[in-house]
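Take a look at the letters that make up each chain.
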Amino acid sequence: KKIESKIPLWHKTPSLVYPFSISVEQCSSQATAQFKQKIIRELFAQKEIITADLTGGMGVDSFFISSLAQKHFYFERNQPLARATEYNFGMLGVKNVEFLSADITANNNAALKELATQKVDLIYIDPARRSDTNSKVIKLSDYQPNIFELKEDLFAACKYILVKVSPMADIKLNLKELDKIEKVFTVAVNNECKELLFLINTSETVCAPECIAVNLANTGEIKHYNSFALSQEENAVAKYAQEVGGYLYEPNKALLKCGAYKFVSQEYNIEKLEVSTHLYTSDNYIENFPGKVFKVEKCVKFNKKTLKEIAKEYPFADLSARNFPLDTNGLKKLSGIKDGGNHHIFATTVNKEK
């Protein structure tokens, strides 16, 4: 059932096997794997390439990446999972993948050194984001395998490295820790941030990495695509609203993950509600805005009396707290407003903490 919605292409082949439910939970979706395929296709155009996946898992990313390659190396430390993936690829008609059951670490990097002799063009790596005690980790240095310990061998093995990290990871911190990052991709599916990808160019020193925010549909179709240099956000000048206008704009999660707060105001000529309120407004409707657009019906000051009136008028509404003393759940509890209806109520802070 999970495969049917997550990887519909594989679901069409009922002979495939999925021995570990955790692998199904952790694997990339078809939509995000196809986007990685797009990144690599644009990177190398029509060139015949050799690729490798150091953390193959169930093989979803390897499946889509290998379709672009003359040869693809798949590594996986879990032998039963590696065998299942090799069987599945056979069922899917994939013939250009070499399967290697290996756990690549700083102390066991012979396979990585061997890759350097294969003239590999791109290595993909999705390190495990769990510690030895199976607790979740955020810092890149705590991932398994540890990219920092393998950096020298990784850089020697290929020109490009595509690294998938936790969508919760701090972009600026990782830019300081990882060398030669050329592009940062924040990938959302239906406005839920799913992946954070770093493209490393091992042969270049990059001064101003490009950030690409993408919002995908479940089908893999690109709904929104924004590209900007991270230096543009630093140099952007935001306009701030005195009052909420006729329309309210909420950027998609991928764009917000990039930290494009001032950039959005400047790029779309809309006013930001407040420095820490990542909502925007204008009297004119902006077409093709990368996020949600709301028509403003009314604005009221927050107090017990107005909250009671609003709850009576809109007993069912979607409710969101943004840069507000109460969080969304606290506000729902206080107001008694239930999810549903055709309205969205925002509780937020406008200029001068109003």
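Residues numbered from 1 in each chain as written. Predicted model: local features only at pLDDT ≥ 70, side-chain atom pairs only at ≥ 80, totals over all residues. Heavy atoms only, no water.

Chemist: Run through the side chain of threonine 281, naming residues and quoting values.
Modeler: Along the chain, threonine 281 falls in strand 13 (residues 277-282). A polar contact is formed between the side chain of threonine 281 and the backbone nitrogen of glycine 245, at a distance of 2.7 Å. Apart from the residues within four sequence positions on either side, threonine 281 is in contact with Ala241, Glu243, Val244, Gly245, Tyr247, Tyr249, Ile270, Glu271 and Leu273. (Helix = DSSP H or I, 4+ residues; strand = E, 2+ residues; numbered from the N terminus. Polar contact = N/O pair within 3.5 Å; in protein donor to acceptor, adjacent residues only side chain to side chain. Contact = heavy atoms within 4.5 Å.)

Chemist: Please provide a residue-by-residue account of the packing of aromatic side chains, values included.
Modeler: Under the counting rule described, the total for this entry stands at 14 aromatic pairs. Taking 6.0 Å as the distance between ring centres and 75 degrees as the angle between the ring planes, the aromatic pair formed by phenylalanine 63 and phenylalanine 89 counts as edge-to-face. Here phenylalanine 89 lies in helix 6 (residues 79-91) and phenylalanine 63 lies in helix 5 (residues 60-66), a separation of 26 residues in the sequence. You'll find phenylalanine 63 and phenylalanine 89 in the same group, each marked buried. An aromatic cluster of three or more residues is present, and its members are Trp10, Phe63, Phe64, Tyr74, Phe89 and Phe99. Across the ring face of tyrosine 247, the terminal group of lysine 295 is positioned such that the distance to the ring centre comes to 5.3 Å. (Phe/Tyr/Trp six-rings, centres within 6.5 Å; stacked < 30°, edge-to-face > 60°. Buried < 20%, exposed > 50% of the residue type's maximum accessible area, 1.4 Å probe, protein only. Lys NZ or Arg CZ within 6 Å of the ring centre and 35° of its normal.)

Chemist: I'd love a proper account of the environment of threonine 51, names of residues and values included.
Modeler: For threonine 51, the location among the structural elements is in strand 1 (residues 49-53). A relative accessible area of 0% places threonine 51 in the buried class. With 19 residues separating them in the primary sequence, threonine 51 and glutamine 70 have C-alpha atoms 8.2 Å apart. With residues up to four places along the chain from it excluded, the contact list for threonine 51 reads Ile65, Ala69, Lys71, His72, Phe73, Val120 and Leu122. Separated by 2.7 Å, the side chains of threonine 51 and histidine 72 make a polar contact.

Chemist: Please set out the state of the cysteines residue by residue, giving values where relevant.
Modeler: Tallied over the entire structure, the rule returns one disulfide. Linked covalently through their sulfurs, cysteine 211 and cysteine 258 form a disulfide whose S-S length is 2.1 Å. What sets the handedness of the cysteine 211 and cysteine 258 disulfide is the S-S torsion sign, and at about -75 degrees it is left-handed. In this pair, cysteine 211 sits in strand 8 (residues 210-216) while cysteine 258 sits in the loop between helix 11 (253-257) and helix 12 (261-268), placing the two residues 47 residues apart along the sequence. Taken individually, cysteine 211 and cysteine 258 each receive the classification buried, so the pair is uniform in this respect. (Disulfide = S-S within 2.5 Å.)

Chemist: Any chance you could break down unusual backbone geometry for me, citing the residues and the numbers?
Modeler: Following glutamine 144, the chain continues to proline 145 via a peptide bond in cis, the omega torsion being 0 degrees. Its identity is not glycine, yet lysine 180 carries a phi of approximately 60 degrees, on the positive side. By secondary structure assignment, the location of lysine 180 is in the loop between helix 9 (171-177) and strand 6 (181-189). On the basis of relative accessibility, which here comes to 24%, the residue lysine 180 falls in the partly exposed class. Located in the positive-phi region is asparagine 190, a residue other than glycine, with phi close to 50 degrees. Secondary-structure assignment places asparagine 190 in the loop between strand 6 and strand 7 (192-201).

Chemist: Could you give me a rundown of a nonpolar patch on the surface, with the residues and numbers involved?
Modeler: On the surface, Val17, Tyr87 and Met91 cluster together into a nonpolar patch covering about 240 Å² of accessible area. When you line up the elements, methionine 91 lands in helix 6. (Patch = residues over 30% accessible without salt bridge, like charges linked within 9 Å, V, L, I, M, F, W, Y side chains within 5 Å. Areas by Shrake-Rupley, 256 points an atom, 1.4 Å probe, with all protein chains shown as cover. Salt bridge = Lys/Arg side-chain N within 4 Å of Asp/Glu carboxyl O.)

Chemist: Could you give an account of the environment of tyrosine 240, naming the residues involved and the relevant values?
Modeler: The residue tyrosine 240 is located in strand 10 (residues 239-240) in this model. For tyrosine 240, a relative accessible area of 35% puts it in the partly exposed group. For the pair tyrosine 240 and leucine 273, spaced 33 residues apart in sequence, the C-alpha to C-alpha distance is 5.8 Å.

Chemist: Which residues make up the pairing of strand 1, and what values go with them?
Modeler: Burial analysis of strand 1 places five of its five residues in the buried class, which makes it a mostly covered element. Residues of strand 1 alternate between two faces, with Ile49, Thr51 and Asp53 on one and Ile50 and Ala52 on the opposite face, all of them buried. What joins strand 1 to strand 2 (residues 69-75) is helix 5, and the crossover it makes is right-handed. Where strand 1 and strand 4 (residues 120-125) come together, three bridges link them in parallel fashion. (Right-handed = clockwise from strand over helix to strand, strands pointing away. Pairing = 2+ DSSP bridges.)

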